[in-house]
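Each chain is listed here by its residues.
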Amino acid sequence: MNFFHYKDNELYCEDLSVAEIVKKTGTPVYIYSYKTLKRHFEVFDGAFKGLPHIVCYSCKANSNISIIAVFGRLGGGADIVSGGELFRASMAGIPPERIVYSGVGKTKEEIKDAVKSDILMINIESEAELNVISRIAEQMKKEIRVSIRVNPEIDPKTHPYITTGLKKNKFGIIWEDALRLYKDMAKNKYLLPIGVSSHIGSQILELSPFIEAVRSLKDMVYQLRDMGIGIRYLDIGGGLGITYKDETAPHPEEYAEAIKNELKDTGLTLILEPGRVLVGNSGIFVAEVIYVKKVSEKTFIIVDGAMNDLIRPSLYGAYHEISPVHRRHSKKIKVDVVGPICESGDFFAKDRVLPQLKEGELIAIHGAGAYGFSMSSNYNSRRRATEVLVSDDRYFIIRKRETKKDLIKGESIPEFLRV
Ligand code: LLP
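Residues numbered from 1 in each chain as written. Predicted model: local features only at pLDDT ≥ 70, side-chain atom pairs only at ≥ 80, totals over all residues. Heavy atoms only, no water.

Chemist: So, the domain arrangement of the protein chain: which residues are in play, and what are the values?
Modeler: Entries for the protein chain in the domain assignment read domain 1 (4-31 + 280-407) and domain 2 (102-272). A straight line from the C-alpha centre of domain 1 to that of domain 2 covers 36 Å. Each partner contributes to the interface: domain 1 provides ten residues, whereas domain 2 provides eight residues. Both sides of the domain 1 and domain 2 interface together cover about 760 Å² of buried area, and 59% of this is carbon and sulfur. Per-residue buried area on domain 1 facing domain 2 is highest for Asn281, Tyr316 and Tyr319; these three make up 57% of the total on that side. One can count zero salt bridges joining domain 1 with domain 2. Viewed at the interface, domain 2 and domain 1 are joined by one residue pair in polar contact (both at pLDDT 80 or more). (Domains from an automatic or database assignment. Contact = heavy atoms within 4.5 Å. Buried area = accessible area lost by both parts, 1.4 Å probe. Salt bridge = Lys/Arg side-chain N within 4 Å of Asp/Glu carboxyl O. Polar contact = N/O pair within 3.5 Å; in protein donor to acceptor, adjacent residues only side chain to side chain.)

Chemist: I'd love a proper account of the packing of helix α7 (residues 175-186) against helix α8 (residues 208-226), names of residues and values included.
Modeler: Packing of α7 against α8 leaves a shortest axis separation of 11 Å and a crossing angle of 30°. In terms of their interaxial angle, α7 and α8 are classed as roughly parallel. For the pair α7 and α8, the crossing hand works out as right-handed. Listed contacts from α8 to Trp175, Ala178, Leu179 and Tyr182 of α7 are Ser216, Asp219, Met220, Gln223 and Leu224. (Axes fitted to C-alpha atoms, helices over the stretch in contact; angles between N-to-C directions. Helix = DSSP H or I, 4+ residues; strand = E, 2+ residues; numbered from the N terminus. Parallel < 35°, antiparallel > 145°, perpendicular 65-115°, else oblique. Left-handed = near helix turned anticlockwise from the far one by under 90°.)

Chemist: I'd like a description of the state of the cysteines, backed by residues and values.
Modeler: One pass over the full model with this rule turns up zero disulfides. You can see Cys56 has no disulfide; the closest cysteine sulfur is in Cys59, sitting 9.2 Å from it. Here Cys56 falls in the buried class, since its relative accessible area comes to 0%. (Disulfide = S-S within 2.5 Å. Buried < 20%, exposed > 50% of the residue type's maximum accessible area, 1.4 Å probe, protein only.)

Below is the structure:
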């Protein structure tokens, strides 16, 4: 359910014509719908009613501070994976007691910053990291709330690049090691193990891997409680999939029901780290057709957005729906939609049947709200796109298009190279 729709064959975001927005902002541009973001959060959060829980939005999916602020205002927290995301979450006004921090390579500086900010907990991903956190706690003479990210060794049946809970993945700590480390921590006066966490992967379209993971984590909590370690938080990560094409993803209500069943009467506060399911279908990416190029059998629609703006098709072979911003009854043809970057991997769609498009026309790439802008780069010295948030009939530029000067920000030419 989202608030992008056609009215008189013209694409709208809520009450605004996409073409009208683009007249002001230019292309390429990301456009997000506030109403959709809010609805997705409320449906997800509401589905867990009855079970103490915190929805910690996974900032990596879309880290614009306005997007993080949308969820903060609605009562959400943040799942962060770097000092940069901690900064963003704080700038967006997320209270520290609603921030959890995962990641396999937290630096000492990042850990210290997280401790100074007094976030809810750090999810530890290795014994080496635990030792560093323990030393930092001693130096700072400060108690640090932690959980261990357990690797439950569950196959979420998703793209190999986004599977994280298998033994061969770099994430988390296997069960036996985790138990031993919890035991060690119980003797440490500065480390407070308050949670158990995990995250098994992303774009997961079945409930069973989640249920399996929750059961296994619950088992661990009980074992720990038997050892006198009072775990209060169970963090099950994110990963719920969405529909990009014709996949059927579990509804958040079904997902919540299954999890609630497992956790009722456990006295645990559930932490959720959804990213994609909140923002994915809340955003589109709009680009303009620069050229239509015919090469023997093939037609290339060359647009002014590229893989540096939205890398998912190039990186994962991901499918994103593409539609013309102005619908007309033109003949449909098979095309490749590509960007201007000097790589054959720079495409948004291959052999896609689309209405015939002309130079100057606008296209919308759907499902672009998650891992779109947040994975963008300046490759080929392309300025990163504008981001716009629409609410009813108003729009707000939440990130300006980069300037040429931004492209060389921080760069300098050493004296000996100057002319
Ligand atoms: N928590 C942790 C610890 C994570 O690593 C992730 C995502 C999430 C939560 C949020 O997962 P979500 O609910 O969004 O599935 N760039 C890829 C996705 C990478 C996901 C990485 N971790 C893509 O474009 O599909």
